[in-house]
Amino acid sequence: MSIVEKAADRLRQNDRPHAPDRSARQQSAAVPSQVAGTVVTAREEATADLSRTERVSIEAGHLRRAGLLAPKSMDNQLAREYQRIKRPLLATLTSGGSYGPIVHANRLMVASAAQGEGKTFTAFNLALSLAREKDHSVLLVDGDVLKPGISRALGIDGRPGLMDALRDESVPSSSLILQTDVPGLSVLPAGERCEEMAELLSSRRMNEVVEELSAEPARIVIFDSSPLLATPESQALALSMSQVLVVVKAGSTERRALEAALSLIDHPSRPTSLVLNQSRRGHGDLYAGYYGVYGGGKDSGETQN
Ligand SMILES: Nc1ncnc2c1ncn2[C@@H]1O[C@H](COP(=O)(O)OP(=O)(O)OP(=O)(O)O)[C@@H](O)[C@H]1O
Ligand SMILES: [Mg+2]
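Residues numbered from 1 in each chain as written. Chains lettered and ligands numbered in written order. Predicted model: local features only at pLDDT ≥ 70, side-chain atom pairs only at ≥ 80, totals over all residues. Heavy atoms only, no water.

Going by the annotation in an unreviewed UniProt entry, the name recorded for the chain is non-specific protein-tyrosine kinase, with Salinisphaera dokdonensis CL-ES53 given as the source organism. Here is the UniProt Sequence similarities (unreviewed entry) comment for the chain, exactly as written: "Belongs to the CpsD/CapB family." Recorded in UniProt under Catalytic activity (unreviewed entry), the annotation for the chain is "L-tyrosyl-[protein] + ATP = O-phospho-L-tyrosyl-[protein] + ADP + H(+)". (UniProt positions renumbered as here; feature names shortened; annotations may be inferred.)

Laid out in structure tokens, this is it:
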């Protein structure tokens, strides 16, 4: 059974009603406490001039309204789902999994076929979850230069970022990284748009920038991206990535679209995983679930959950 067929099979299973999950209710809140406890909102910071010592505020209430975090009632469930999503990614990071050792495996792109399938939501929530890992830090890069959802929600749209470092070789990309008030999580804004974004993202300079951003092996660099089938930018971005996580929206992403998107980024030595997003379970809550590795590796297939 191909990974796409497995995804379709899982979708059918998810349509069946589930008993409410008692363990989910018993778990502690998923969003890190520091997310809930900040003083300055991201919206306020949109107009503030962040100096090197200031922190981008990850304020839960604002981010829920901005669609980067789910409603509070879903925190526990999503925390468990992101635990499952990140484990195989971390395994690939350390050992390469079925692909064998991968050079610079800490460069991860979150992609999807079409718009609105949950790339930005997934990139942000995965970044939060990975930032809680004791042995890793996370740099979340807004690689969706056309629709910089992360930069906008965090109030750092308009700050220099990825595109500025690509355009001007004298700008070290590391100097544009902003720390957040979540320990272990930093962000790089998308930066200023220009005509040649796809060309810049596939340039030699992009390799240099990604090299610099991911030089520290303990740092996981997560790139949000634009829809693969709608724009050339994300396909260009994929060229410098070592892992791609493709978001499949339950009941929405069409199989042919998914296959077309996967074919655009298919590479024999780059693990591509699928994550099923916004499936419904129990009382109609949305959740994200992990599917496994598509194509490539020696024994690709569904991971054990
Ligand atoms: N697992 C989820 N649970 C709850 N809400 C979600 C989930 N995934 C996505 N959403 C919501 O769906 C909407 C679209 O998600 P998002 O913006 O992440 O999609 P996208 O793929 O980045 O879209 P675009 O291609 O336009 O950038 C947002 O309002 C987001 O909050
Ligand atoms: Mg987005």
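Student: For this particular structure, what's the right way to read the overall build of the chain?
Tutor: Along the backbone of the chain there are 13 helices and eight strands. Residue burial in the chain is summarised as follows: out of 305 residues, 55% are buried. Relative to all contacts within the chain whose residues are 6 or more apart in sequence, the contacts with residues 24 or more apart total 75%. In the form shown here, the chain has an accessible surface area of approximately 13,600 Å², with 49% of it arising from carbon and sulfur atoms. (Helix = DSSP H or I, 4+ residues; strand = E, 2+ residues; numbered from the N terminus. Buried < 20%, exposed > 50% of the residue type's maximum accessible area, 1.4 Å probe, protein only. Contact = heavy atoms within 4.5 Å. Areas by Shrake-Rupley, 256 points an atom, 1.4 Å probe, with all protein chains shown as cover.)

Student: Even after reading the chapter, I still don't get the environment of alanine 131, so can you show me in this structure?
Tutor: Mapped onto the elements of the fold, alanine 131 is located in helix α7 (residues 119-131). When the C-alpha atoms of alanine 131 and leucine 185 are compared, they prove to be 5.7 Å apart, with 54 residues separating the residues in sequence. Ignoring any residue separated from it by four or fewer positions in sequence, one finds alanine 131 in contact with His136, Val138, Pro183, Gly184 and Leu185.

Student: Just checking my understanding: could you explain helix α11 (residues 204-213) for this structure?
Tutor: Residues spaced three or four apart along an α-helix face the same direction, because each turn holds 3.6 residues. Three or more residues of α11 are buried, namely Arg205, Met206, Val209, Val210 and Leu213. For α11, the angular spread of buried residues about the axis comes to 135 degrees, placing them on one side. (Arc of directions from axis to C-beta.)

Student: Sorry if this is basic, but what is going on with the site of ligand 1 here?
Tutor: In the vicinity of ligand 1 there are 15 residues, among which Gly67, Lys119, Phe121, Lys147 and Asn277 approach most closely. Contacts to ligand 1 include glycine 118, whose backbone N or O atom sits 3.0 Å from an oxygen atom. Between ligand 1 and the protein, one listed contact pairs an oxygen atom with a side-chain N or O atom of threonine 120 at 2.9 Å. Alone, ligand 1 offers 630 Å² of accessible surface; in the complex the protein occludes 80% of this. Those elements giving two or more residues to the shell around ligand 1 turn out to be α7 and β7 (272-281). If you tally residues by element for the shell around ligand 1, the top one is α7, at three residues. Looking at the shell around ligand 1 residue by residue, the class counts come to four nonpolar, seven polar and four charged. (Near = heavy atom within 4 Å. Polar contact = N/O pair within 3.5 Å; in protein donor to acceptor, adjacent residues only side chain to side chain. Nonpolar A, V, L, I, M, F, W, Y, C, P; charged D, E, K, R; others polar.)

Student: How do you make sense of the environment of arginine 84 when you look at a structure like this?
Tutor: Within the fold, arginine 84 resides in helix α6 (residues 75-95). Within polar-contact distance, the side chain of arginine 84 engages the side chain of glutamate 81 at 2.8 Å.

Student: I would appreciate a short explanation of the pattern of salt bridges in the present structure.
Tutor: For side chains of opposite charge, pairing can occur when their charged atoms come near one another. Using the criterion set out here, one finds eleven salt bridges in the structure. Across the pair aspartate 75 and arginine 64 runs a salt bridge whose closest N-O atoms are separated by 3.2 Å. Residue aspartate 75 is found in helix α6, and its partner arginine 64 is found in helix α5 (residues 60-65); the two are separated by eleven residues along the sequence. Aspartate 75 sits in the buried class, given a relative accessible area of 6%. Close ionic contact of aspartate 157 with arginine 152 constitutes a salt bridge, the shortest N to O distance being 3.6 Å. Judged by relative accessible area, arginine 152 falls into the partly exposed class, the value being 45%. (Salt bridge = Lys/Arg side-chain N within 4 Å of Asp/Glu carboxyl O.)

Student: Explain the nonpolar core to me, please; I cannot follow it from the model alone.
Tutor: Grouped burial of nonpolar side chains is what soluble globular proteins tend to show. Leu63, Phe124, Leu126, Leu140, Leu154, Leu185 and Ile222 are the most contacted members of the largest nonpolar core, which totals 41 residues. Tallying contributions element by element places α7 first for this core, with eight residues. Apart from the residues lying within four places of it in its own chain, the contact partners of leucine 140 are Ala123, Phe124, Ala127, Ile150, Leu185, Ser186, Val187, Leu188 and Ile222. Counting residues in each nonpolar core, the second largest holds 39 residues, with Val171, Ile177, Val210 and Leu213 among its members. (Core = buried A, V, L, I, M, F, W, Y, C linked by side-chain atoms within 4.5 Å.)

Student: Would you mind showing me how to read the packing of α6 against α7 here?
Tutor: Contact pair α6 / α7: the axes reach a minimum separation of 9 Å and the direction vectors enclose 80 degrees. The angle between α6 and α7 falls in the class roughly perpendicular. Seen from α6, the contacting residues are Leu78, Tyr82, Gln83, Ile85, Lys86, Leu89 and Leu90; seen from α7, they are Phe121, Thr122, Asn125, Leu126, Ser129 and Leu130. Taken together, the residues that form the contact of α6 with α7 break down as eight nonpolar, four polar and one charged. (Axes fitted to C-alpha atoms, helices over the stretch in contact; angles between N-to-C directions. Parallel < 35°, antiparallel > 145°, perpendicular 65-115°, else oblique.)

Student: It is not clear to me how the pairing of strand β5 (residues 219-224) should be interpreted in this structure. Could you clarify?
Tutor: Regular strands place their side chains on alternate faces of the sheet. For β5, the buried fraction is high: six of the six residues fall into the buried class. Judged by which residues are buried, β5 turns out to be covered on both faces: Arg219, Val221 and Phe223 on one side and Ile220, Ile222 and Asp224 on the other are all buried. Pairing of strand β1 (residues 107-112) with β5 involves four bridges; the strand directions are parallel. What sits directly across from valine 110, in β5, is aspartate 224. (Pairing = 2+ DSSP bridges.)

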